[in-house]
Amino acid sequence: MSTLIAIGAGIAVLTGVGAGIGIGIATSKAVEAIARQPEAEGKIVKSLMLGCALAEATAIYGFVIALLVIILLK
């Protein structure tokens, strides 16, 4: 049973990979947008920060779920 718990926790932590990829893609697109339209930098950065915060929150939720799986199902 402990092997299945470890596998479940590992799968839950994989949300961090998706968040990292998403933040990287969003940052690259924001830099491209600022390079094309420098006067819109303020709006672009605000949207980027909001998107990064939401993506990071998803990764944190996955980590919390992994911890709960390990602690509660032990």
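Draft legend 1. Geometry of helix α3 (residues 41–72). Taking 1.5 Å as the rise per residue, α3 with 32 residues should run 46 Å; its terminal C-alpha atoms sit 46 Å apart, in good agreement. Every buried residue belonging to α3 is among I44, L48, C52, A55, A59, G62, A66 and V69, and all of these are buried.

Draft legend 2. Fine view of a nonpolar patch on the surface. On the surface, V13, I60, F63, V64, I65, L67, L68, I70, I71, L72 and L73 cluster together into a nonpolar patch covering about 1,000 Å² of accessible area. Element by element, the count of residues in the nonpolar patch is highest for α3, at nine residues.

Draft legend 3. Quick peek at the nonpolar core. Of all hydrophobic cores here, the largest spans five residues; its members are A30, A40, I44, L48 and C52. If you tally residues by element for this core, the top one is α3, at three residues. Here L48 is in contact with A26, T27 and A30, once residues within four sequence places are set aside.

Draft legend 4. Broad picture of the environment of G24. Tracing the backbone through its elements, the reader meets G24 in helix α2 (residues 15–36). Separated by 48 residues in the primary sequence, G24 and L72 place their C-alpha atoms 33 Å from one another.

Draft legend 5. Representation of the environment of S2. Along the chain, S2 falls in helix α1 (residues 2–13). Assessed through its relative accessible area of 57%, S2 is described here as exposed. In this structure, the C-alpha to C-alpha distance between S2 and L73, residues 71 residues apart in sequence, is 8.5 Å.

What counts and how
Residues numbered from 1 in each chain as written. Predicted model: local features only at pLDDT ≥ 70, side-chain atom pairs only at ≥ 80, totals over all residues. Heavy atoms only, no water. Helix = DSSP H or I, 4+ residues; strand = E, 2+ residues; numbered from the N terminus. Expected span 1.5 Å × (residues − 1). Buried < 20%, exposed > 50% of the residue type's maximum accessible area, 1.4 Å probe, protein only. Patch = residues over 30% accessible without salt bridge, like charges linked within 9 Å, V, L, I, M, F, W, Y side chains within 5 Å. Areas by Shrake-Rupley, 256 points an atom, 1.4 Å probe, with all protein chains shown as cover. Salt bridge = Lys/Arg side-chain N within 4 Å of Asp/Glu carboxyl O. Core = buried A, V, L, I, M, F, W, Y, C linked by side-chain atoms within 4.5 Å. Contact = heavy atoms within 4.5 Å.

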